[in-house]
Structures are given as C-alpha cells and as structure tokens.
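Inside the fold
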Amino acid sequence: MIREEKIQIPFVYAAGQAGSRFLVALRDDGRIMGSACAACGHVSVPTRSFCPACSESDLSDVELAGEGNLVSWTEIPGRGVFALINLDGADGALLHRLIDSPDKLAVGQRVRAQFAETRKAHISDLAGFVVTGAGP
Amino acid sequence: MTQRPVFIAGCGQVGPVAEDPRSIVEMVLEAVEGALEDVGITHQDIDAIVTASVDILDGLTASNIAVTEVVGAVMKPEARIAADGMAAAIHGACQIWSGAYDTVLIVAHAKPSMAPYQDLMQWAMDPIYLQPLGVDFLTCAGLQAQALAAGDAGAEQRWAELASARRAGTPAAISADEILASPIVASPLRAEMCAPMEDGASAIVLSAVLGKHDGRPQVTGVGHDLAPHDLGDREPGIWRGLERACNRAYSVAGIDNPASAFDLAEPSCLFPHEEELFVAAAGIGNATVVSPGGGLFVGHTPVVAGLSRLAASASAMRQDAGCRRALAHGAWGPAGQGQAVMILEAGAP
Ligand SMILES: [Zn+2]
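Residues numbered from 1 in each chain as written. Chains lettered and ligands numbered in written order. Predicted model: local features only at pLDDT ≥ 70, side-chain atom pairs only at ≥ 80, totals over all residues. Heavy atoms only, no water.

Attention now moves to the overall build of chain A. The number of helices and strands found in chain A is one helix and eight strands. Overall, chain A shows an N-to-C arrangement of helices and strands of α-β-β-β-β-β-β-β-β. Oriented by its inertia axes, the alpha-carbon framework of chain A measures out at about 60 × 40 × 30 Å. Relative to its 136 residues, chain A shows a buried fraction of 40%. A separation threshold of at least 6 residues defines the contact pool for chain A, and within that pool the share at least 24 residues apart is 46%. Approximately 7,500 Å² of chain A is accessible, and the part contributed by carbon and sulfur atoms is 48%. Looking at charge distribution, chain A has the averaged site of its 13 positive side-chain charges lying 5 Å from that of its 16 negative ones. (Helix = DSSP H or I, 4+ residues; strand = E, 2+ residues; numbered from the N terminus. Buried < 20%, exposed > 50% of the residue type's maximum accessible area, 1.4 Å probe, protein only. Contact = heavy atoms within 4.5 Å. Areas by Shrake-Rupley, 256 points an atom, 1.4 Å probe, with all protein chains shown as cover. Lys, Arg positive; Asp, Glu negative; His and termini not counted. Charge placed at Lys NZ, Arg CZ, Asp CG, Glu CD.)

Okay, here's the thing in structure tokens:
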C-alpha cells in the first residue's frame, strides 16, 4: 500500500544584501553587476558577499558589460537552451538562458543580454542572451 | 601507514531496481542484515553508525530519523551525512582511525521512484539565481558535456561506445548506434547515455578488528572535496574537486604514480563524459580495469552509488587474488560538485 502526498509549503528566500544589489540593478537600470575582489582581483557575477575564488570579503561592486562570450550551452527539449556566459570584464561565468538560439553554436560566440520589459528584481528580469556574432 | 587498519569487513546490497515496492526501512533492513551476515556478527558488535540520506529524496526532514531503529542506532552514536555514501564511509573510517570506535556500520539509501526526480533536483539548486530559471542536475550535466564536446568532433561517438561497452554482457546491453539514435535529453547527452535512476540501499561494516583474518581488503587512503555549487564558478570541463580528493588520498596511501597504481577503478559516473572526467582527474592508466560490472550504467541509486562502488571494489578483491589495489569513487550534487574516493588494498593472500 502507498499513501500519496504533494508537498507544498510556502517559503521566502532572502537574496541577501549583495544579491539584492544585483537584482535591484537588473530591475531599475537594466544593468548586470558583479563583484571585484580587492585581495585577488577576481571579478564574479552576480554580486557576492565574499569572493568565490579566495573567500575574502573585501569586495566592490562593478558594472559588467551586457555582452560576453559563450562558454557552454545545452538544449533540453521542451525547456529551451541553457548557457554559461563569460561576460566581458568578469572571470567566472553566468548560468542563464539563450533566446532564439541558432542551430549551430560555438565556444566564444558573442552574446548580448536581453532584459524583460516588466521587471521585478528577479533573475528573470534578465530575459536571457541572444547570439550576436561568430566566435573569435 | 602508522594508523590502525580499517578493513571492509562486510557488505550488503539491495538493488538497484527500477521500483522497489517495499518501504525504505525494509530495503535498509535487507542491506544491513546482509552486511552483518557477511561478517558473521550482530548489531551488538557495532560500536557506531554513519548513515547517508538526502531529505528531499525521502520527502522527509531528517531522513535518518526514519531509519534509526533499523540500522541499530538506538542508544548508540549515530552520525548522518547528507551526501553520497562514500562520504559516510570516509567519516566512519576516520572515526576508527581516531581510535574512538573499532567497528562502524555505514548505511546509505534512496528511493528516487517516490517522486519526479527533475523537480527534486531543481529544488536542490540555488533558490535565487538557478531554480527560477529551471536549472536542474541534468542541465548542469549537459553544460559540462558540451564544454567537453566543443572542439572534439569524436566525443559523441566515443561516449556512445563507452556507454555501450559498460552495458555489454548485462541485461541492459545496447549498441552504440542505438545509443546515438536515442533522443537528446540535454544536448549533447542522449537518453541511452545516461545511467538509469533506480531504488537501492547499501550497508558496509568497517572495522579495525574484524576482517583481518578473512583477508578482507583494507582502506589505505581517503580523499574528499567540494567544488563551488554554481557551474559558472568552476572550470566546466575538469573535475578539479576530484583531482584534489585523489591527491589527498594518494598522499595518505603513499601513491606517487596513479597511472600504474590501480588494478581496478569503480567510479560513480552517470554519463560517459563523466567517466572521461574521472579518468583524467584520477590520473589512472590503461592497465586499470574500469567498472567491469558496468558501474552505474546498469543502474544508479543516488546517495547509495559511492557505497555500492566501494562494495563492488571489495567484492572484486575478495574474488580475484590478482586485484591488489582499487580506487572506489562517489560523487554528488550538480555536475560532480561533491567528490570522494577511497583506496583499497587487498588483504594477505
Ligand atoms: Zn578573491
């Protein structure tokens, strides 16, 4: 015998102070913010409260270009194309979605951020990335 | 080694099977009884227990509480690891090395047939940046595989052949052509490249005092490591965490040249590209036999996988006197975020 259940529990997740600066900049200015580490120089995205490369917390916010290079991608049938994007000026990659991606993709291909028209300080304020050119 | 020995004294295994109709407790009971019987002991001979389970898979909070009685942990020290069972085995080995206990029972279970796995693994991702986009473990695996396939035109054919080779001679046997004809699940990964997800449980008795006279294999090195959660904070095409875990284990075991050190490797790889990542990170050579029974490609139970690989390694060493040293591996989290390895050496012949 079995008992059926559907777990539905309302939760609120705090984005944190650093994460909130990232989300508010998306919403209010259509800008992508990252964090530059004073200790090791690593530039991470989204904004952080400590450096993912060296764990130091002496960070300053930096505005990143809305453009970058494709690092990797995967198409999941029915769910779209996910991608790792190395934004110009950042060291790590941002995991997000590609919009209207062509059939053939290549590492290093140029992509540009596209913002949602209605924004609510949510990761989907960044609607995704569109491919704008060939690789280097 | 100056430490006291840790023997893999006995093993008990349930599954993997696609859908076990029993309760988790009944599955764990069979695995625990199997392990105790393999050593010829009872619960009274166990000093402490380490369990591995993941709440989200069981649909419970504190999923170890549901198995407290069946693992014999009432009125005994129990520690719980919310990761792959290999991490629990390392925890138990360290308890023995510390001198705290002589004999520790390690138990791992999971029953993924209880709920839609994609929903669960999406819930396991970062709730601010990744969950809302629909990112799950499969997404991360696809991104990792594509990072390897880009600029490697032969990758898909090679992966199909590898996944086919692992299943050869098993009921799940399938040709490389059939694998390449199966649907894409997360490009470039295809359905038949993936290890099938199944229910299971595993129990292992580690001991400093039991198993020596039966020639049971001995743990001579352990290593454990975590990479950042977000794939964007990692190098997507390398398992750096496994490199670090292996280097720790090799250092403890006194292994200078992993390329010629192992007769057997039992990795926890869910996709063929992960086996390539494993081989590269562990630095094993062509003389090492990898997953002779098919590894996880014939059936994979999350949480249990690493412990089942440890049991498979110990079993191979007990059956084949020529198998002198083995590397057993567990991995968990998105795209191998968590990594753990154990080195086994055969007992006196
Ligand atoms: Zn830093």
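A separate point is the overall build of chain B. The number of helices and strands found in chain B is 10 helices and 12 strands. Here chain B has a C-alpha radius of gyration of 19 Å; the compact-globule value for 349 residues is 20 Å, and the two agree. Across its three principal directions, the C-alpha atoms of chain B cover 55 × 45 × 40 Å. For chain B, the residues scored as buried account for 57% of the 349 residues in total. Within chain B, contacts between residues separated by at least 24 positions form 77% of all contacts whose residues are at least 6 apart in sequence. Put simply, chain B shows about 12,800 Å² of open surface, and 53% of that area lies on carbon and sulfur atoms. (Rg over C-alpha atoms; globule rule 2.2 N^0.38 Å.)

Residue and element names in this part refer to chain B. With burial as the criterion, only one face of strand β3 (residues 78-81) is covered, namely that bearing Ala 79 and Ile 81; the residues Glu 78 and Arg 80 on the opposite face remain uncovered. Here four bridges tie strand β2 (residues 48-52) to β3, and the two strands are oriented parallel to one another. Across the sheet, residue Ala 52 finds its bridge partner in β3, namely Ile 81. (Pairing = 2+ DSSP bridges.)

What follows deals with the confidence of the model for chain B. Averaged over every residue, the pLDDT of chain B is 95; residues scoring 70 or more account for 99%. Complex prediction metrics read pTM 0.96 and ipTM 0.96. (pLDDT = per-residue confidence, 0-100.)

The next subject is the domain arrangement of chain B. Residue and element names in this part refer to chain B. According to the domain assignment, chain B consists of domain 1 (7-114 + 197-345) and domain 2 (117-193). Taken together, the contact pairs 27 residues of domain 1 with 26 residues of domain 2. Of the roughly 2,400 Å² buried at the junction of domain 1 and domain 2 (both faces included), carbon and sulfur atoms supply 69%. Note that Arg 166 is salt-bridged to Glu 275, the shortest N-O span being 2.6 Å. (Domains from an automatic or database assignment. Buried area = accessible area lost by both parts, 1.4 Å probe. Salt bridge = Lys/Arg side-chain N within 4 Å of Asp/Glu carboxyl O.)

Now for the interface of chain B and chain A. Contacts between the two partners involve 27 residues from chain B, matched on the other side by 30 residues from chain A. Contact between chain B and chain A buries roughly 2,400 Å² in total, counting both sides, with carbon and sulfur atoms accounting for 65%. When residues of chain B are sorted by the area they lose upon contact with chain A, Tyr129(B), Leu133(B) and Leu143(B) head the list and together hold 29% of the total. One salt bridge connects Arg79(A) with Asp136(B), and the closest N-O pair in it is separated by 3.4 Å. The interface formed by chain B and chain A holds 10 residue pairs in polar contact (both at pLDDT 80 or more) in total. Elements that contribute at least two residues to the side of chain B that touches chain A include exactly α4 (117-123), α5 (137-149) and β5 (184-186) of chain B. Considering each element in turn, the side of chain B that touches chain A owes the most residues, five residues, to α5(B). (Polar contact = N/O pair within 3.5 Å; in protein donor to acceptor, adjacent residues only side chain to side chain.)

Before going further, it helps to examine the packing of aromatic side chains. On inspection of all chains with the given rule, the structure shows three aromatic pairs over all chains. With centroids separated by 5.8 Å and ring planes inclined at 15°, the aromatic side chains of Phe11(A) and Tyr13(A) adopt a geometry described as stacked. A relative accessible area of 53% means that Phe11(A) is categorised as exposed. Here the aromatic rings of Phe22(A) and Tyr129(B) are separated by 5.7 Å at their centres, their planes lie at 80°, and the arrangement is edge-to-face. Of the two residues, Phe22(A) is situated in helix α1 (residues 16-29) and Tyr129(B) in the loop between α4 and α5; the pairing between them involves two chains. Tyr129(B) shares its class with Phe22(A); the two are buried. (Phe/Tyr/Trp six-rings, centres within 6.5 Å; stacked < 30°, edge-to-face > 60°.)

With that settled, the discussion passes to the coordination of the zinc ion. Residues and elements named next belong to chain A. Ligation of the zinc ion by protein atoms is provided by Cys 37 (SG), Cys 40 (SG), Cys 51 (SG) and Cys 54 (SG), these donors lying 2.3 to 2.4 Å from the ion. For the zinc ion, the single-chain donor residues occur in sequence as C-x2-C-x10-C-x2-C. On the criterion of sequence distance, the pair formed by Cys 40 in the loop between β1 (32-37) and β2 (43-44) and Cys 51 in the loop between β2 and β3 (59-64) is long-range, its members being 11 residues apart. We classify Cys 51 as buried; its relative accessible area is 1%. (Donors = N, O, S within 2.8 Å, 3.2 Å for Na, K, Ca; no water.)

Residues and elements named next belong to chain B. Its location among the elements puts Ser 268 in the loop between β9 (264-266) and α9 (272-282). Separated by 62 residues in sequence, Ser 268 and Gly 330 place their C-alpha atoms 5.2 Å apart. Among all residues touching Ser 268, those that are not within four sequence positions of it are Glu 274, Leu 296, Ala 305, Gly 306, Arg 309, His 329, Gly 330 and Ala 331. A polar contact of 2.7 Å, which involves the side chain of Ser 268, links it to the backbone oxygen of His 329.

The subject of this paragraph is the pattern of salt bridges. A complete count under the given rule lists 25 salt bridges over all chains for this structure. In this structure, Asp38(B) and Arg318(B) form a salt bridge, with 2.8 Å as the shortest nitrogen-oxygen distance. Taken together, the positions of Asp38(B) in helix α1 (residues 24-39) and Arg318(B) in helix α10 (residues 305-319) put the pair 280 residues apart, joining distant regions of the chain. What makes Arg318(B) partly exposed here is its relative accessible area of 32%. Residues joined by salt bridges that share partners form a network here, namely Asp29(A), Arg31(A) and Glu63(A).

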